[in-house]
Amino acid sequence: MELFDEIYSRNYTAIAKILKQFQSESRPMMGKEISDILTRYNAELTLRELTDNLGILTKSDHANTYIVRDAFLPAPRRPLTFSELSWLRAVSLDRRLSLFLDDEQRERLTDVLADVPTLYDEDMFCCFDEDICPDDYNSKTYQAVFRKLRKAIRRREYCLISCIDRGDEATTVLPVRLCYSQRDGSFTMYAQDEDEREITVPLRQILFVKLLNSFAEPVNQSAVDKDSVTIRILSDADPEAERNAVERFMISFSDYQKETRYLSDAGICETTVYFRFEEYENILQTIIAFGPVVKIIQPQSAVKELVMRLKRQKELLSNREH
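Below or above, wherever it landed, is the structure these notes cover. Bear in mind the structure is a predicted one, so any value in this text is a computation, not a measurement.

Description of the pairing of strand S9 (residues 227-233)
Relative to strand S11 (residues 269-275), S9 runs antiparallel, the two sharing seven bridges. Residue Thr230 lies in a different strand from S11, and its bridge partner there is Thr272. Bridge analysis of S9 against strand S12 (residues 294-298) gives four bridges, and the strand direction is antiparallel. Bridged to Arg232 within S12 is Lys295.

Thoughts on the sheet that holds strand S5 (residues 170-181)
Reading across from one edge, S7-S6-S5-S4-S8 is the order of the five strands in this open sheet, with antiparallel pairing throughout. Sheet topology places strand S7 (198-202) and strand S8 (206-215) at the edges, where each strand pairs with a single neighbour. Direction aside, neighbouring strands of the sheet carry axes that sit 45° apart on average. Across the sheet, helix H6 (residues 140-155) touches strand S4 (157-163), S5, strand S6 (186-193) and S8, and the angle it forms with S8 is around 25°.

Quick notes on the side chain of Arg10
Within the secondary structure, Arg10 sits in helix H1 (residues 2-25). Within the local environment of Arg10, its side chain forms a polar contact with the backbone oxygen of Asn42, the two atoms lying 2.7 Å apart. With residues up to four places along the chain from it excluded, the contact list for Arg10 reads Tyr41, Asn42, Ala43 and Glu44.

Digging into helix H8 (residues 280-289)
Within the span of H8, buried status applies to Ile283, Leu284, Thr286 and Ile287. All buried residues of H8 project into a common sector of 165° when viewed along the axis, lining one side. Positive backbone phi, at 65°, marks Gly291, one or two positions downstream of H8.

Here's the deal with the packing of aromatic side chains
The relation between two aromatic rings is expressed through the spacing of the ring centres and the mutual angle of the planes. Tallying each qualifying case throughout the model produces nine aromatic pairs. Where Phe100 meets Phe146, the ring centres are 5.2 Å apart and the plane angle is 80°; that geometry is what we call edge-to-face. Placement of Phe100 in the loop between helix H4 (82-92) and helix H5 (103-112) and of Phe146 in helix H6 is noted, with a sequence separation of 46 residues between them. You can call Phe146 buried: its relative accessible area is 2%. Of the aromatic side chains, those joined through ring pairs into one cluster are Phe100, Tyr137, Tyr142, Phe146, Tyr180 and Phe187.

Some words on the environment of Ser181
Along the chain, Ser181 turns up in strand S5. Since its relative accessible area comes to 15%, Ser181 is described here as buried. Polar contacts involving the side chain of Ser181 include one to the main-chain amide nitrogen of Asp184, which spans 3.1 Å.

Side note on the pattern of salt bridges
Inspection of the entire model under this criterion finds 15 salt bridges. Several salt bridges converge on common partners, so that one network encompasses Glu25, Arg27 and Glu33.

Conventions used here
- Residues numbered from 1 in each chain as written.
- Predicted model: local features only at pLDDT ≥ 70, side-chain atom pairs only at ≥ 80, totals over all residues.
- Heavy atoms only, no water.
- Pairing = 2+ DSSP bridges.
- Helix = DSSP H or I, 4+ residues; strand = E, 2+ residues; numbered from the N terminus.
- Axes fitted to C-alpha atoms, helices over the stretch in contact; angles between N-to-C directions.
- Contact = heavy atoms within 4.5 Å.
- Polar contact = N/O pair within 3.5 Å; in protein donor to acceptor, adjacent residues only side chain to side chain.
- Buried < 20%, exposed > 50% of the residue type's maximum accessible area, 1.4 Å probe, protein only.
- Arc of directions from axis to C-beta.
- Phe/Tyr/Trp six-rings, centres within 6.5 Å; stacked < 30°, edge-to-face > 60°.
- Salt bridge = Lys/Arg side-chain N within 4 Å of Asp/Glu carboxyl O.

In structure tokens, the structure reads:
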């Protein structure tokens, strides 16, 4: 079944590309153009099969050129393979999906995928240090806040927010990003206030969001300055290392841009993680959670901050024992 899906998907994708190109350019296509598309998508089809067997193409009045039969226009969308449907079924069971789809959309998706087995389920994953009280994704207030903030971020729109700890006081902010913490099971809004100061607010603390129909200038994301921290991860062969240290580290930092290199055949891994300034605290906490498995190489400011925190933690533990 998997092999059939793979071949079927390749053939369908190649045909769809041919149809879309013909539809957009409205001109006969050269035989070489069609053959190049079939080769690019590794399709198990030939130009002759598309004309003689499938009847999708027919020769035009010009030499060695072809046109698409009207019956095959407009170009169709590619159907999902069995593996893709199975993955979508697994995603549909994620409790966070209620933030992106309303009840009617989720019900329709569930009906469509009712007979499809899941590619994986949550029991296959073992997570450590997770918060036992994650955000309530089923809360209608939480869902409304999440969707309005996503809309504001896409449109660079200012909005008015009201938070639990500020009573009736509302604040005007420009939402920049929403970040999810796997460990805490929660979303956090990163935003700018009216004075362009960076602020962070956990979504669970936001009670109300009002879009103000006032917009900021678009930002070139590639030009946004990023900080970095370089970490050395001990190999599994090291007596102080833990099993699958590199793999676990990469999973924990999968959301971040990284440059990774192996320093020796022993498997010592060194990676540079790039992040925005407001993510520094979360980055540092995640690194500390790995214990002696990792070592910060640079910058020195991060090394000093880590040493200071560990000394403080040691003092607190010593005072508690006495």
